[in-house]
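# Coordinates in review
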Amino acid sequence: MTTNMDKLYEAVAARGPVCVGLDTDFSYLPEGFAKPELTAGENIVRFNKAIVDATKDVAGCFKVQIAYYESLGLDGIRAYKETLDYVKAAGMPVIADIKRGDIAKTAEMYAKAHFEGDFEADFITLAPYMGLDSIRPYLPYVTGAGKGLFVLVRTSNPGAKDFEYEMLADGRHVYDMVGDKLHELGLECMGEKGYSSLGLVIGGTHIEEAAEIRARYEDSFFLIPGYGAQGGTADDIARYLDKHSNGGVVNSSRAVLLAYKKQPGTAFDQAARNECVKMKEAIAHACNSL
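Summary of the structure given here. None of these values were measured; they are calculated from a predicted model. (Residues numbered from 1 in each chain as written. Predicted model: local features only at pLDDT ≥ 70, side-chain atom pairs only at ≥ 80, totals over all residues. Heavy atoms only, no water.)

What follows deals with the overall build of the chain. Within the chain one finds 12 helices and eight strands. In summary, the chain has a C-alpha radius of gyration of 18 Å against a globular reference of 19 Å for 290 residues, a match within 12%. Reported as C-alpha extents along the three principal axes, the dimensions of the chain are approximately 60 × 45 × 40 Å. Across the 290 residues that make up the chain, the buried fraction comes to 55%. Restricting to contacts in the chain with at least 6 residues of sequence separation, those with at least 24 account for 74%. Between the mean site of the 31 positive side-chain charges and the mean site of the 41 negative ones, the chain shows a separation of 3 Å. (Helix = DSSP H or I, 4+ residues; strand = E, 2+ residues; numbered from the N terminus. Rg over C-alpha atoms; globule rule 2.2 N^0.38 Å. Buried < 20%, exposed > 50% of the residue type's maximum accessible area, 1.4 Å probe, protein only. Contact = heavy atoms within 4.5 Å. Lys, Arg positive; Asp, Glu negative; His and termini not counted. Charge placed at Lys NZ, Arg CZ, Asp CG, Glu CD.)

Spelled out as structure tokens, the structure:
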């Protein structure tokens, strides 16, 4: 079975590792763009569609952060669904950034909600800190339908140092222990391209352990946040990709969606495309320089 992670690998090989984050706040829309006769959600969908159209040939995938849409109530949830549908209709892999972390029947319902029906996505993000029983309810969709997971391991936020970097008695960090357990679990769902369908979220803002992490989880696909607005550079990110400049996607949200503010006189969608191309080329150059 060809898995969604296999398809993501192929997308990165074809178009590069940029993951455009559609974490769209209404305030991101350019002045004069919103039509007053439309709702906030409807205007956000118009904006998202323009971004997708402008960047789909220079991006490996798109990520949609559900909180931005939930904050608008039912109007936002409709916008979330329409955004997912539009990305899928464009033939692009889509990650639903939902970061669920509950267990048992609740986790089964989350899996059903986001791997079937109105909110179906190719991948979802999960938080594992309640234990592996917060991950296992999703695995039937992984092994049965080829769906993919990206599970938090070592994140890009400053607060990662609060828990994830704590040292264990055996000399590992907490994030090492989490990553090791997830990696072992992921060996049950390997794809044709040599990567597990159980991917890892590895922040790109702390580079000291980059080479070690890439070698330690060589058959795990990474979702790499932290580029751009959070301070991660192309040189940092390159260390988390494999020898083929693959094995991961690099998310950028605000830097793409708000690129027009740094490119005066350029339409917002063209500015977003310019930013994606710049990011893609910078990462490729950094990979070639390693």
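Now, onward.
With that settled, consider the nonpolar core. Grouped together as the largest cluster of nonpolar side chains are 76 residues, with contacts concentrated most on Val20, Leu22, Leu149 and Leu198. Here this core takes eight residues from helix α12 (residues 268–289), the largest share from any one element. For Val20, the residues in contact, after removing those within four places along its chain, are Ile51, Thr55, Ala59, Cys61, Phe62, Lys63, Asn251, Ser252, Val256 and Cys276. Ile95, Phe123, Val201 and Leu223 belong to the second-largest nonpolar core, a separate cluster that totals 16 residues. (Core = buried A, V, L, I, M, F, W, Y, C linked by side-chain atoms within 4.5 Å.)

Take unusual backbone geometry next. One can expect most non-glycine residues to show negative phi and most peptide bonds to be in trans. Although it is not a glycine, Lys99 sits at a positive phi angle of roughly 45 degrees. For Ala104, which is not glycine, the phi dihedral falls at a positive 55 degrees. Relative to the assigned elements, Ala104 resides in helix α5 (residues 104–115).

Another point: the packing of aromatic side chains. All told, the structure shown has 11 aromatic pairs when counted by the stated rule. Ring geometry for Phe123 and Phe150: centres 5.4 Å apart, planes at 35 degrees, overall tilted. Of the two residues, Phe123 is situated in strand β4 (residues 123–126) and Phe150 in strand β5 (residues 148–154); the sequence distance between them amounts to 27 residues. Neither Phe123 nor Phe150 differs from the other in exposure class; each is buried. In textbook terms, an aromatic cluster arises when at least three aromatic residues are bridged by ring pairs, as seen for Tyr9, Phe123, Phe150, Tyr195 and Phe221. The cationic tip of Arg154 hangs over the ring face of Tyr175; the distance from NZ or CZ to the ring centre is 5.9 Å. Positioned above the aromatic ring of Phe222, the side-chain terminus of Arg214 is 3.9 Å from the ring centre. (Phe/Tyr/Trp six-rings, centres within 6.5 Å; stacked < 30°, edge-to-face > 60°. Lys NZ or Arg CZ within 6 Å of the ring centre and 35° of its normal.)

Turning our attention to the environment of Ala79. Along the chain, the position of Ala79 falls in helix α4 (residues 73–89). When its relative accessible area of 2% is taken as the criterion, Ala79 is described as buried. For the pair Ala79 and Pro140, spaced 61 residues apart in sequence, the C-alpha to C-alpha distance is 28 Å. With residues near it in sequence (within four places) discarded, Ala79 still touches Gly41, Val45 and Tyr69.

This brings us to helix α8 (residues 174–186). Given a rise of 1.5 Å per residue, 13 residues ought to cover 18 Å, and the 18 Å separating the end C-alpha atoms of α8 matches this to within 8%. Burial analysis of α8 places 10 of its 13 residues in the buried class, which makes it a mostly covered element. Looking only at α8, the buried set comprises Val174, Tyr175, Asp176, Val178, Gly179, Asp180, Leu182, His183, Leu185 and Gly186. Next to the buried residues of α8 lie α6 (139–145), β5, α7 (160–163), β6 (198–202) and α9 (210–216). (Expected span 1.5 Å × (residues − 1).)

Now for the environment of Val94. When you line up the elements, Val94 lands in strand β3 (residues 94–100). For Val94, a relative accessible area of 0% corresponds to the buried category.

Another aspect to go through is the sheet that holds strand β2 (residues 61–65). With parallel pairing, the eight strands of this closed barrel are ordered in space as β1-β2-β3-β4-β5-β6-β7-β8. With strand direction ignored, the average angle separating the axes of adjacent strands in the sheet is 30 degrees. Examined bridge by bridge, β4 and β5 share four bridges and lie parallel to one another. The residue of β5 that forms the bridge with Ile124 is Leu149. (Pairing = 2+ DSSP bridges. Axes fitted to C-alpha atoms, helices over the stretch in contact; angles between N-to-C directions.)

Another point: the packing of helix α2 (residues 40–55) against α4. With their axes 8 Å apart at the nearest point, α2 and α4 run at an angle of 20 degrees to one another. Accordingly, the angle class assigned to the pair α2 and α4 is roughly parallel. Here α2 runs over α4; the crossing is right-handed. Residues Ala40, Gly41, Glu42, Val45, Asn48, Lys49, Val52 and Asp53 of α2 lie in contact with α4, whose contacting residues are Asp75, Ala79, Glu82, Thr83, Tyr86 and Val87. In terms of residue class, the contact of α2 with α4 is made up of six nonpolar, three polar and five charged. (Parallel < 35°, antiparallel > 145°, perpendicular 65-115°, else oblique. Left-handed = near helix turned anticlockwise from the far one by under 90°. Nonpolar A, V, L, I, M, F, W, Y, C, P; charged D, E, K, R; others polar.)

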